[in-house]
Amino acid sequence: MEESKHVAVVDFGGQYTQLIVRRVRELGFFGKLYALEDFAEMGSPGAVILSGGPKSTSDPDAPDIDFETLNNYGVPVLGICYGMQLLNLKFGGRVEPSDRREFGPAMLVPEKAAGLYEGVSTKSQVWMSHSDTVGNLSADCEVLAKNEDGTPVSLRWGDRYYGIQFHPEVTHSHEGLRILHNFLLQADSLQEFRIDDFKRELLDKIRAQVGDKQVVCGVSGGVDSTVLAVLLKEAGIKMRAIFVDNGLLRKDEGEEVRNNFHRMGVEVETAEAADLFLGALTGVTDPEKKREIIGNLFIEVFWDRVGDADMLAQGTLYPDVIESASNAKSKASVIKTHHNRVARILELQEQGKVLEPLADLFKDEVRELGMSLGIAHDIVHRHPFPGPGLAVRCPGDITEDKLQIIRECDAIFITRLKDYGWYDKVWQAYAALVPVKTVGVKGDERSYEFAVSLRAVVSEDAMTADWVELPYPILRETSHRILNEVPGVNRVLYDISTKPPASIEWE
Ligand code: XMP
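Note that this is a predicted model, so its numbers are computed, not measured. (Residues numbered from 1 in each chain as written. Predicted model: local features only at pLDDT ≥ 70, side-chain atom pairs only at ≥ 80, totals over all residues. Heavy atoms only, no water.)

> Help me out: how do you make sense of unusual backbone geometry in this one?
The general pattern is negative phi for most residues beyond glycine and trans for most peptide bonds. Of note, the amide linkage connecting Lys499 to Pro500 takes the cis form, showing an omega dihedral of -15 degrees. Pro501 follows Pro500 through a cis peptide bond whose omega is 10 degrees. Inspection of the secondary structure puts Pro501 in the segment after strand 20 (489-494). Phi is positive for Cys81, close to 55 degrees, though the residue is something other than glycine. Mapping Cys81 onto the fold places it in the loop between strand 4 (77-80) and helix 3 (82-90). One non-glycine residue, Ser189, lies in positive phi territory at about 30 degrees. (Helix = DSSP H or I, 4+ residues; strand = E, 2+ residues; numbered from the N terminus.)

> Help me understand a negative patch on the surface in this model?
Together, Asp252, Glu256, Asp378 and Asp424 make up a negatively charged patch on the protein surface. Within the secondary structure, Asp252 is located in the loop between strand 13 (238-245) and helix 7 (253-263). (Patch = residues over 30% accessible without salt bridge, like charges linked within 9 Å, V, L, I, M, F, W, Y side chains within 5 Å. Areas by Shrake-Rupley, 256 points an atom, 1.4 Å probe, with all protein chains shown as cover. Salt bridge = Lys/Arg side-chain N within 4 Å of Asp/Glu carboxyl O. Lys, Arg positive; Asp, Glu negative; His and termini not counted. Charge placed at Lys NZ, Arg CZ, Asp CG, Glu CD.)

> How should the site of the ligand be read in this particular structure?
Taken together, the neighbourhood of the ligand is formed by 12 residues, with Arg291, Gln428, Lys499, Ile504 and Glu505 sitting nearest. Within the side chain of Gln428, a nitrogen or oxygen atom sits 2.8 Å from an oxygen atom of the ligand. In the environment of the ligand, an oxygen atom lies 2.7 Å from a nitrogen or oxygen atom belonging to the side chain of Lys499. Relative to its unbound accessible surface of 500 Å², the ligand loses 86% to contact with the protein. For the shell around the ligand, a count of residues per class yields 5 nonpolar, 3 polar and 4 charged. (Near = heavy atom within 4 Å. Polar contact = N/O pair within 3.5 Å; in protein donor to acceptor, adjacent residues only side chain to side chain. Nonpolar A, V, L, I, M, F, W, Y, C, P; charged D, E, K, R; others polar.)

> Help me out: how do you make sense of the pairing of strand 11 (residues 161-164) in this one?
Consecutive side chains along a regular strand alternate between the two faces of the sheet. Of the two faces of strand 11, both are covered, the one formed by Tyr161 and Gly163 as well as the one formed by Tyr162 and Ile164. Sheet topology note: the strand 4/strand 11 ladder contains 4 bridges and is parallel. Within strand 11, the position partnered with Leu78 by the bridge is Tyr162. Strand direction decides the pairing type here: strand 10 (residues 152-157) and strand 11, joined by 4 bridges, are antiparallel. From the neighbouring strand, Ser154 faces strand 11, where its bridge partner is Ile164. Remark: 3 residues form the turn of the hairpin made by strand 10 and strand 11, two consecutive strands paired antiparallel; Gly158 in that turn has positive phi of roughly 60 degrees. (Buried < 20%, exposed > 50% of the residue type's maximum accessible area, 1.4 Å probe, protein only. Pairing = 2+ DSSP bridges.)

> Would you mind going over the environment of Asn484 with me for this structure?
As for its placement among the helices and strands, Asn484 is situated in helix 16 (residues 472-485). Residue classification places Asn484 among the exposed residues on the basis of a relative accessible area of 56%. In the structure, Asn484 is positioned 458 residues away from Glu26 in sequence and 47 Å away in space, judged by C-alpha atoms. One polar contact links the side chain of Asn484 to the main-chain carbonyl oxygen of His480, over a distance of 2.8 Å.

> Got a minute to help me understand the side chain of Asp495 in this structure?
Summarising the element assignment, Asp495 is placed in the segment after strand 20. Judged by relative accessible area, Asp495 falls into the buried class, the value being 11%. Side chain to side chain, Asp495 and Arg455 meet in a polar contact 3.5 Å long. At a separation of 2.5 Å, a polar atom in the side chain of Asp495 contacts the side chain of Ser497. Beyond its immediate chain neighbours, meaning those up to four positions away, Asp495 contacts Ser453, Leu454, Arg455, Trp467 and Trp506. (Contact = heavy atoms within 4.5 Å.)

> Sorry if this is basic, but what is going on with the environment of Phe243 here?
Structurally, the position occupied by Phe243 is in strand 13. With 132 residues separating them along the chain, Phe243 and Glu111 place their C-alpha atoms 60 Å apart.

> Which parts of the structure should I look at to understand the sheet that holds strand 15 (residues 311-313)?
Sheet strands pair via backbone hydrogen bonds, and the direction of the pair is either parallel or antiparallel. Overall, parallel pairing links the 5 strands, which are arranged 14-13-12-15-16 in an open sheet. Whereas interior strands pair on both sides, the edge strands pair on one side only; in this sheet they are strand 14 (268-272) and strand 16 (354-355). Bridge analysis of strand 12 (residues 214-219) against strand 15 gives 3 bridges, and the strand direction is parallel. Counted as the bridge partner of Val216 is Leu312 from strand 15. Contacting strand 12, strand 13 and strand 14, helix 7 runs over the sheet at an angle of about 165 degrees to strand 14. Seen against the sheet, helix 9 (residues 287-306) touches strand 12, strand 13, strand 14 and strand 15 and runs at an angle of roughly 150 degrees to strand 13. (Axes fitted to C-alpha atoms, helices over the stretch in contact; angles between N-to-C directions.)

In structure tokens, the structure reads:
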């Protein structure tokens, strides 16, 4: 997407920086995050936001910006927390270290309900997270708002520079979004962010980049790779979509994925590799070893199919790009890095042969793009499913019998969730096998069979998760059906562990 008149968010390392970009986009404008090193290469932004950060402006290695460059952009600038303190220094004020860290809710008292505070209440809760405060304000600095103690928490210098001490991007700042919006209204003709326009630009860009070369992409049936494949098809380029069946899929999943793609006009080539994967996993019980085997085999099988294709397309998303840039190693990003950044891909990338059309988008924007491409709601809103598939839900050694039990139980559980209208309310749900046999009675006979654990969690980003208080009728019906219909199971458990300390998956 063309980068003119976008909202450039400069990253000073604050923990909420990504959220600022999200909020800007929620407000309908195209926000992009820039590392401090890229400050001079932001194109021609329509507004600039300087984020918060963990440092103090008085630290010897405090991050800084070239004020002249910032000034030359000639657009409204908002400094948030660290960003405001930095602006205050640039305008000749001082930043005073405080011995007390202010963290949590505070009251914002705007001086006037105008400009940045147009339509904002006379008292409004905001979220603070800082230790330094501004002091010795310069003569041309106007105080726009104070806290309840009368300390300035929002400033303005001239008619383009604004500062706020609190974090408007977090929901604990009750009117934060309005304040951010008021700031963006100060900018001239900002580029709007509408997914349909974005899609059209993306399609043109793909066509221009690909020409008549052939592009290969891997598909799993998950949201990102599905949107990617349908987008490539929509662009009308020559493409091949490869699906690796590793034998660790859910009930009827391979068939479903192929049928779904067929309906969307994408023919999928399947690499049938179940025997290969299950053979290599025989007798392996260590979870990380299992992951390694599956990851390596996936790459082998996939690349074998790719052959000497001209280009490779990947469903890399914006958070992956940001995270790998900032080196924040969440588990998910490490895992993705594993597949998306192996040596062979890096090599292709250098030759300009890797296409990552979703790299500017957040997950919910990918979903929106998917809807705009006509992909069905239930595909676009599928729960995440891990790359190593059912292997992470089958502790101990993996056998076809155990996988079969998991598939049946999982299908019963997921169907109940859908029937009761709970599927879309949970982030992820599944059945896992507890590799312990316990005693029970079936008919007149004593049974000695496996237990199965059901798990349903809500989460924002998979880093933390809470178990869901599902209505008893769903649990009762699921348990009843599993115990009656799935051979080899005589006990059904519901997992009530939060993450942390548990993880979402069993392995
Ligand atoms: P955990 O179990 O770490 O899971 O709490 C967090 C999220 O990541 C998914 N997950 C994986 N995804 N490869 C993947 O592609 C993996 O090895 C893997 N392990 C966990 C998990 O399903 C959840 O959404």
